[in-house]
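In case you want the letters, here they are:
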Amino acid sequence: SAIALIGASADASRLTSRPERVLRRHGYAGQVFPIHPACGRIAGQRVYRSLGAVPAAVEHAYVMQPAIAVPQAIEECAAAGVTVVTILSAGFAETGARGRRRQDAIVATARAAGVRLIGPNCLGLADVPGRFVLSANAVFEHEDLRPGGLGLISQSGSMLGGIVTRAQERGLGFSRVVS
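This report concerns the structure included in the present document. (Residues numbered from 1 in each chain as written. Predicted model: local features only at pLDDT ≥ 70, side-chain atom pairs only at ≥ 80, totals over all residues. Heavy atoms only, no water.)

### So, helix H2 (residues 70–80)
- Of the positions making up H2, those classed as buried are Val70, Ala73, Ile74 and Cys77. Mapping the buried residues of H2 onto a view down its axis gives an arc of 100°, with all of them on the same face. Away from the buried face of H2 by more than 90 degrees, exposed residues Gln72 and Ala79 are located.
- Contact partners of the buried residues in H2: strand E1 (2–6), strand E5 (60–63), strand E6 (84–87), helix H3 (97–113) and strand E7 (116–118).
- Positive backbone phi, at 80°, marks glycine 81, one or two positions downstream of H2. (Buried < 20%, exposed > 50% of the residue type's maximum accessible area, 1.4 Å probe, protein only. Helix = DSSP H or I, 4+ residues; strand = E, 2+ residues; numbered from the N terminus. Arc of directions from axis to C-beta. Contact = heavy atoms within 4.5 Å.)

### Focus: unusual backbone geometry
- A cis amide bond, omega 10°, links glycine 119 with the succeeding residue proline 120.
- Note that proline 120 resides in the loop between E7 and strand E8 (124–127).
- Here asparagine 121, not a glycine, exhibits a phi torsion of approximately 60°, which is positive.
- Looking at where asparagine 121 falls in the secondary structure, it is placed in the loop between E7 and E8.

See the structure below:
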């Protein structure tokens, strides 16, 4: 399987650089394609200027661009046959009527193309037994996740991080985690 990181950064201090590191830290074995129009390489990997330039079928995209760019990213994902898109970007329904209209538009585009959305304003998700951790949450950069029977869905990425940390300290493992 292949993942596109749309809006990935080569700057290790930026939130948008974290998902690539987290995927590798937790043992994701699939292909990862960083997408950014101005970068050449990230963590030794070639960066693609657009999703259309990626030489493989992408199943899941993580969109990490400003809200204004997200509608175009969803359209590109739909055109490329991406089946799941997680959106880190904020600036949607949580900001009021204008953001709600922007969110409704991306939902309509995704539904028309059969694309499932997670987010917007989502720090990410994890399939712990599947070694698939796609997130910008710092907890996944520091915690070695123990597989287990506990699933967690949290509206708050910060709360999710706190729960994961405390559960791991108590020996509890996770099956799936979604922010």
